[in-house]
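Architecture and fold: a report
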Amino acid sequence: MTSIFNNTPPKTINDMVMDQMCNNPCCFFCIMKEPDTSLRRSGLATCFKEMSVINRDDQQHVLVLSGLWNIAMAQPDDPEFISLGIFDCMVSLLEKGTNDRSWLLRDQNIYIPYYAAHVIGSYTMNKVEFAEKAVLAGVIPPLMELLRGKISWVEQRVAVRALGHLASYERTFEAVAAYEEELVRLTMNLASTCLDQVYTKFVGVKDDNKRSKYHCDLLTRGVGGLEMENRKAEEWASQLQCWSLYLLNCFACKERSLNLICNQGFLVDLCGMWGGLVNHSSPAGVGLIRILCYSKYGRQNISESKQVLENLCHLSRSSDDWQYMGIDCLLLLLKDIDTRYKVIEIVTMFLIDLVELKSLGDRSNLGETITKTLLLDYKQSKFRIKNSHVLKALQQTWELKVERRKREKTMSVEKIEEKRVLVNLIKQQANHVFWLGDVEEAIKMYNEALDTCPLKLRKERMVLYSNRAQCYLLLRDPDAAIGDSTRALCLSNPTNSHGKSLWRRSQAYDMKGLAKESLMDCIMFINSVTTTTTNKRVKIPYYAARMISKQMEATWLFVNAQSKFTGSDDDYEISSNEDDHQLECDEMMRQMMRMMMEKKSIASGLSTIIEEPLIVKGKNWRSEMERARRRNKTAFNVMAQSM
C-alpha cells in the first residue's frame, strides 16, 4: 500500500526506520495489510477514531491522509471507509486545521486540511448515499471555513469541489443551501478573483524561496521544478474557477439566488471564464450563462448586456467545443417575446451565417431551427426593427431559405449539372482575376457564382464562400471574411472541417483582436492538416504554429492578472520577465501539438505542407501583390491555386 502514497513530502531516514520498526497497534498501514477482514475493519475504525481525538502531534497523520487521498481518488464508490467513520475523522481534522492555527503550523500539519477536504470531495462525487452520510457527519461547516479563505486558495479549491458535489444532489442540496446567500456571494467572488489570487500569490512570485513550500509540494508531488509548479498552478487555478461555477450552477438550475448571480458585472466576468486549454472539459462561464437563459429572470438580465450578447455571438460562430451552447443561448433569447426585440438587432448579423448548418454534435437540422427562429413573425418584425442592415439580412435569409428553395425544388438533375458546369467556369474566371490582383472584380464574380449555384451543391458553395473570404481578408475586411468563412464551414462535411476556411477565419479573428476564437480555429486548422495529409510524417505549417504561439500568449489564463499586477507594490514579488512567459507559452504549444499528434497517431518530421496566404497591409495592394508575385512566384501560385 505504501507504494501508492506518493503525494506527500519526502520522508526522512527516521521515518523510514520507524516504518520498519512499527510498534503502533493503530498504524494505518499495518492495519491495511491485515488479511483478516473483520480485524482489518475493526482496526481501521479504531484508527479513524484515534486520529479524530488525539491532540498530540502525530507525524504519521499526513502520510495517512495522503494514502486515504489516493484510495479515495482510485475507489470513490467503495463503501468500506464510509461505514467505518472516515467522514467524522475528516471533519475533526478540518476543524483542528481551521480553529487551531498553532497546531496547523506545526510539523507537516499544514497539509492535512487539503487532503481531508479532498477525501470528502472524492467520496461524495458519485453516490448520494455517501453525500448524505457526509452531511450527517457535519462536513459543511468546516468546508465553509475553507471556502471563506481561512487557509489559502489551495484549500478553497478542494472545498468548493466538495460543496459542489453535495449541492448537486436533491437530498443534500438544502443542507448546503442553509448557507445560500453567503455561499453564493463567496463563490461568485472566488470565480471572479481566483486567477488574480493564484497569480499574485504563486505564479507571479519570481523568487522561488518566497513561494509557499507546501503549495509547491502539493502541486508537484515533490517532482519537478519551477516549470512544473507553474503548469500545475495554472491547471488548479482553472479548476478552482470551473468548480466554483459548477457550484453556482447547482443554485441557478433551481432558479435560486438569481438576483445575486445575474449581477451585470458578474455576467460580464463570466464571458471571460473559459477554462483555457488546461481545462477544456468544462463549459465554464458559458455553461452558467446557458443555465440562466433557461429562466425568465436570467434571460431578462442577459438581454440587457451588450457585452454578454456579443460574446455569445462570437462563440456561436467559432469552432469551440461549446459553440452549440452559444447558439442555444441566442435561440432562447430570440424565442422569448420579452427579450426577442432587445437582442435581435445584435444577434441576427451573426446567426445568419449559421442558417445552413446541418448538424452540430448531437443536434441535427440546427440550421433549420436557426432559420425558423430568425424568421419568426418575419412580416410583423419589419415594423419593429429599425436597423436597415438587420432588415436586409433577414430579407436575404428569407430569399435564400424560403423563396430560392421553392424555386429549386423542382429543378431536374440535368439542370443542376448544367448549373454546376457554369458555376465552375465562373469560379475559374474569378480565380484568374484574383490572381491578376483585381480583388473587387473577383468578389463580384464569386457573387455571381453563388447566385447561380443550386443550394444542393453544398461543396461548390463552400469553396465559393471560402474564396470570397480570402478576398475580404486582402481588403482588410475581417467581418465579411468571418461571415463567409463561417458559411463555408457550415457547408463543410463534417461541420467546421474545411481547413482553408478555418485558417482564413483564424486570420480574420486575429485582425479583430479575438484571440480565443483565432486560437480555436487555428488548432482545428492544424488538425485538418494532420488528418488529411497522405504523408506518414507531418510538420505543422510554420505560420500556423506562429499564430498559435501568439494567441496562446494572448489567451494565457493569467494574462489579465499579469497586466494588473506587474510592477505593483504588493507583498509578493511579481515576475515581469516576458521572455520567461514566452518560453512557457512555447512549451505549452509544443505539448499541445504533441498530444494532438499522439491522438491522431501522427508523428512530425516533413517539410511545410501549405504555403502561408499573403495578407497585404499597404494601401496600394495591387502593386504589392505584383511585387510579391515576382519575388516569390511559387508561393503566390500556391495561394492562387488554393482558391
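Above: the structure in question.
Bear in mind that the values here come from a model prediction, so they are computed numbers and not experimental data.

1. Quick notes on the layout of surface pockets
Approximately 980 Å³ is the volume found for the second largest pocket. Lining the second largest pocket we find 30 residues, and of these Ile352, Asp353, Gln396, Arg468 and Arg487 sit closest to its centre. For the lining of the second largest pocket, the secondary structure elements donating two or more residues are α20 (306-316), α22 (337-351), α25 (388-408), α27 (439-452), α28 (458-474) and α29 (478-491). Residue contributions to the lining of the second largest pocket peak at 8 residues, all from α25.

2. Some thoughts on a nonpolar patch on the surface
A surface patch of nonpolar side chains, amounting to about 270 Å² of accessible area, comprises Val421, Leu422 and Leu425. Inspection of the secondary structure assignment puts Leu422 in helix α26 (residues 413-436).

3. Things to note about the environment of Phe251
In this fold, Phe251 is placed in helix α15 (residues 226-252). Sequence separation between Phe251 and Ala167 is 84 residues; the distance between their C-alpha atoms is 8.0 Å.

4. A look at the pattern of salt bridges
Within this structure, the stated rule accounts for 37 salt bridges. Glu145 is paired through a salt bridge with Arg148; the nearest N and O atoms lie 2.3 Å apart. Of the residues examined, Arg148 reaches a relative accessible area of 35% and is grouped as partly exposed. Notably, a salt bridge pairs Glu145 with Lys150, separated by 3.0 Å at the nearest N-O pair.

5. Here's the deal with the side chain of Ser316
Checked against the element boundaries, Ser316 lands in helix α20. Within the structure, Ser316 has its side chain in polar contact with the backbone oxygen of Cys313 (distance 2.6 Å). Setting aside chain neighbours within four positions, we find Ser316 in contact with Gln323, Gly326, Ile327, Leu330, Leu351 and Leu354.

6. Points about the side chain of Thr397
On the secondary structure map, Thr397 appears in helix α25. Only 2.9 Å separates the side chain of Thr397 from the backbone oxygen of Ala393, close enough to count as a polar contact. Excluding its chain neighbours within four sequence positions, the residues that come into contact with Thr397 are Ile352, Val355, Thr371, Leu375 and Val402.

7. Section: helix α23 (residues 366-374)
Within α23 the residues assigned to the buried category are Leu366, Gly367, Ile370, Thr371, Thr373 and Leu374. The buried residues of α23 occupy an angular sector of 165 degrees when projected down its axis, which confines them to one face. Among the structural elements, α21 (323-335), α22, β1 (359-360), β2 (363-364) and α25 are those in contact with the buried residues of α23.

8. Overview of the packing of aromatic side chains
Counting across every chain of the model gives 18 aromatic pairs. With a centroid separation of 5.5 Å and an interplanar angle of 70 degrees, the aromatic rings of Tyr114 and Tyr115 are classed as edge-to-face. Pair check on accessibility: Tyr114 and Tyr115 agree, each one buried. Grouping aromatic residues by their ring pairs yields a cluster made of Phe28, Phe29, Phe48 and Phe81. The positively charged end of Arg157 is found above the aromatic ring belonging to Trp236, 3.9 Å away from the centroid. Across the ring face of Tyr341, the terminal group of Arg340 is positioned such that the distance to the ring centre comes to 5.7 Å.

9. Notes on α25
Taking 1.5 Å of rise per residue, 21 residues should cover 30 Å, and α25 covers 28 Å from first to last C-alpha, within 8% of that figure. Its axis deflected by about 35 degrees at Glu399, α25 carries its strongest bend there. For α25, the full list of buried residues reads Val390, Ala393, Leu394, Thr397, Leu400, Lys401, Val402, Arg404 and Glu408. Summarising the contacts, the buried residues of α25 are in contact with α22, α23, α24 (378-381), α27 and α28.

What counts and how
Residues numbered from 1 in each chain as written. Predicted model: local features only at pLDDT ≥ 70, side-chain atom pairs only at ≥ 80, totals over all residues. Heavy atoms only, no water. 1 Å grid on protein atoms, 1.4 Å probe; cavity = no way out; pocket = protein on both sides within 12 Å on 5 of 7 lines; lining within 4 Å. Points joined across faces, edges and corners; volume = space filled by probe spheres on them. Helix = DSSP H or I, 4+ residues; strand = E, 2+ residues; numbered from the N terminus. Patch = residues over 30% accessible without salt bridge, like charges linked within 9 Å, V, L, I, M, F, W, Y side chains within 5 Å. Areas by Shrake-Rupley, 256 points an atom, 1.4 Å probe, with all protein chains shown as cover. Salt bridge = Lys/Arg side-chain N within 4 Å of Asp/Glu carboxyl O. Buried < 20%, exposed > 50% of the residue type's maximum accessible area, 1.4 Å probe, protein only. Polar contact = N/O pair within 3.5 Å; in protein donor to acceptor, adjacent residues only side chain to side chain. Contact = heavy atoms within 4.5 Å. Arc of directions from axis to C-beta. Phe/Tyr/Trp six-rings, centres within 6.5 Å; stacked < 30°, edge-to-face > 60°. Lys NZ or Arg CZ within 6 Å of the ring centre and 35° of its normal. Expected span 1.5 Å × (residues − 1). Bend = angle between axes of the 7 residues up to and from the residue.

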